[in-house]
Amino acid sequence: MTEPTQPLRHPAEYYTDPENSIGYLARIVFRSFSRILERGTMVHDVSAGQWRFLRQLWREDGITQRELSERIGMREPTTVVALKGLEKSGLIIRKKTDEDRRKTFIYLTPHAKKLEWILAPINAELHEVATRGMSDEEVETLQVLMRRVIDNLAEDSEGLVKDIPA
């Protein structure tokens, strides 16, 4: 981890209480979102894990397996396993091109394309529940702050890995 340029916001003991840990709170939010989202998507035989892939492919179909893995933030071996399941479920097709046989491109099936308009409202409803009692400005502030945390951690992630003893 990089050396702090200013004193720590709180002493280290402060973060031993999970309720004070941004990482812990983010994990609880993620798990809650996944669990509730899956209740709606499983009616259409789509797990929360498959949803993550479909959502990226709805934004851009026909990207490489590597690109998809990066966008989801998943290691490639894990992505390969997930893609096998998506393919078995009839949601994607994997294709190689004659130009570069090393690259595998991922395409949505017609069925998976139709699911976007069925599943997106479930996600929108979940966001409404999660942000109940918040103003539009508060929701926007929450998004801005979460992106800042993500960016801060991405900037420092190489330093974190280098500083962890083997």
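Since we're looking at a predicted model, the values are computed, not measured. (Residues numbered from 1 in each chain as written. Predicted model: local features only at pLDDT ≥ 70, side-chain atom pairs only at ≥ 80, totals over all residues. Heavy atoms only, no water.)

Participant: Looking at this structure, how should I read the packing of helix α2 (residues 48-59) against helix α5 (residues 110-130)?
Facilitator: The relative placement of two packed helices is expressed as an angle between their axes plus a distance between the axes. Between α2 and α5, the shortest axis-to-axis distance is 10 Å and the interhelical angle comes to 110°. Our classification of the angle between α2 and α5 gives roughly perpendicular. Here α2 and α5 pass one another in a crossing that is left-handed. Between α2, through W51, L54, R55 and W58, and α5, the contact on the second element is made entirely by A112, K113, L115, E116, L119, A120 and N123. A class-by-class count of the residues in the contact of α2 with α5 yields 7 nonpolar, 1 polar and 3 charged. (Axes fitted to C-alpha atoms, helices over the stretch in contact; angles between N-to-C directions. Helix = DSSP H or I, 4+ residues; strand = E, 2+ residues; numbered from the N terminus. Parallel < 35°, antiparallel > 145°, perpendicular 65-115°, else oblique. Left-handed = near helix turned anticlockwise from the far one by under 90°. Contact = heavy atoms within 4.5 Å. Nonpolar A, V, L, I, M, F, W, Y, C, P; charged D, E, K, R; others polar.)

Participant: Looking at this model, I keep getting lost on the packing of helix α1 (residues 22-41) against α2. Mind explaining?
Facilitator: With their axes 9 Å apart at the nearest point, α1 and α2 run at an angle of 90° to one another. As the angle between them shows, α1 and α2 are arranged roughly perpendicular. Along its contact with α1, which presents F30, S34, L37, E38 and T41, the element α2 presents A48, W51 and R52. Of the residues in the contact of α1 with α2, the class split is 4 nonpolar, 2 polar and 2 charged.

Participant: Help me out: how do you make sense of unusual backbone geometry in this one?
Facilitator: It is generally the case that most residues other than glycine have a negative phi and that most peptide bonds are trans. Although it is not a glycine, D45 sits at a positive phi angle of roughly 60°. Its location among the elements puts D45 in the loop between α1 and α2. Note on D45: relative accessible area 59%, which makes it exposed. (Buried < 20%, exposed > 50% of the residue type's maximum accessible area, 1.4 Å probe, protein only.)

Participant: Would you mind going over the environment of T41 with me for this structure?
Facilitator: Structurally, T41 is set in helix α1. A sequence separation of 31 residues divides T41 from H10, and the C-alpha atoms of the two residues are 40 Å apart. Those residues within four positions of T41 in sequence are excluded, and the remaining contacts are V46, S47, A48, W51, L119 and I122.

Participant: Explain the pattern of salt bridges here, please?
Facilitator: Side-chain pairs of opposite charge can arise whenever the charged atoms involved come near each other. Counted under the stated rule, the structure contains 4 salt bridges. Put simply, K113 and D61 hold a salt bridge, and the shortest N to O gap is 3.8 Å. Here D61 lies in the loop between α2 and β1 (63-64) and K113 lies in helix α5, a separation of 52 residues in the sequence. Residue class for K113 comes out partly exposed when judged on its relative accessible area of 43%. Here E76 and R66 are joined by a salt bridge, their closest N and O atoms 2.8 Å apart. One end of the pair, E76, is in helix α4 (residues 76-88); the other, R66, is in helix α3 (residues 65-72), with 10 residues separating them in the sequence. Judged by relative accessible area, which is 29%, E76 ranks as partly exposed. (Salt bridge = Lys/Arg side-chain N within 4 Å of Asp/Glu carboxyl O.)

Remember, this is a structural readout, not a statement about activity or role.
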